[in-house]
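In case you want the letters, here they are:
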Amino acid sequence: MKSETETLTLSLVSAVRNYLDSIHHGHRVHLNAFFADWPEAGYATRDIPPHPLPVLSWLAEAVKATGTDIASVANMLAVAANHLAWGQTYSSDDIGAAFLERYGWTELIGQRGPVASKRIACGFLLLGPDIEYPPHRHEAEEIYVPLTGGTLWMRGGEGWVRRSPSSPIYHPAWTPHAMRTAATPLLALYLWRGGDLVQKSRIDWYTTAEIFPQL
Ligand SMILES: [Fe+2]
């Protein structure tokens with residue numbers, strides 16, 4: 001018999017896939033390569049001990065801020081959240097303790113998540129309000145799908161852009177990217193493929209010369 005955690009996780013994974021299918025058309029960013037690497041149907045889950053993080057205190061507000069087309073996925077995440085392992089890529093030495101209070105992700109599919117895959121990673125990123133996830137980069141190519149609005153996103157040298165919920169954002173391998181939340185927390189789906197799926201992203205801290213090139 002399936003455990004409650006397995007039932008919740010499998011429902012969430014299939015809701016995520018249905019949602020991704022539903023937004024696939026009408027965007028310039030194509031999910032085909034990620035779908036091709038999606039685990040075969042009929043997968044089981046691995047037991048991953050639940051691990052909460054302080055950022056979960058923003059989950060209810062984030063779920064409330066999602067649009068109606070996302071509500072079923074977001075509500076399912078809210079129900080499953082305490083059964084999932086939430087992680088952080090960085091230590092406080094890397095990024096500061098204040099950031100870690102408002103940052104975390106949970107992997108659903110991948111080398112660490114409950115559904116095993118060596119070809120893709122997929123999960124949720126949650127950021128609390130009023131923080132900046134500094135520019136960082138990694139080998140895997142990535143698609144983010146914001147589920148809440150109000151966050152500024154930066155990709156490469158393109159500057160800050162407010163991205164809409166359900167509009168996928170593509171980051172080619174090693175492209176620096178960053179996010180800045182305002183009053184609304186950020187809930188987003190992420191997908192990785194084509195690289196080291198457990199790589200620690202490299203943070204590209206701003207230097208004074210980059211911010212004030214005239215100095
Ligand atoms: Fe990324």
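Residues numbered from 1 in each chain as written. Predicted model: local features only at pLDDT ≥ 70, side-chain atom pairs only at ≥ 80, totals over all residues.

A. Structural context of unusual backbone geometry. Positive phi, normally seen in glycine, also occurs at Ser166, with a value near 70 degrees. Its place among the elements puts Ser166 in the loop between β7 (160–162) and β8 (169–171). A count of 20 C-beta atoms within 10 Å places Ser166 in the buried class. Positive phi outside glycine occurs at Trp174, with the angle close to 65 degrees. You can see Trp174 is positioned in the loop between β8 and β9 (177–180). (Helix = DSSP H or I, 4+ residues; strand = E, 2+ residues; numbered from the N terminus. Buried ≥ 20, exposed ≤ 12 C-beta atoms within 10 Å, placed from the backbone.)

B. Structural context of the environment of Lys118. Within the fold, Lys118 resides in the loop between β2 (115–116) and β3 (120–127). It is 29 Å that separates the C-alpha atoms of Lys118 and Val63, two residues lying 55 residues apart in sequence.

C. Summary view of helix α4 (residues 71–80). Inspection of α4 places Val73, Ala74, Met76, Leu77 and Ala80 among the buried residues, and these make up the whole buried set. End-on view of α4: buried residues confined to an arc of 160 degrees, all on one side of the axis. Packed against the buried residues of α4 are α1 (4–23), α3 (59–64), β3 and β10 (186–193). (Arc of directions from axis to C-beta. Contact = placed C-beta atoms within 7 Å.)

D. Structural view of the sheet that holds β2. Taken in spatial order, the six strands line up as β2-β1-β3-β10-β5-β8 in an open sheet, and their pairing is mixed. If you trace the sheet from one side to the other, it starts and ends with β2 and β8, each paired once. Bridging between β3 and β10 involves eight bridges; their strand directions are antiparallel. By the bridge assignment, Leu125 is partnered in β10 with Ala188. (Pairing = 2+ DSSP bridges.)

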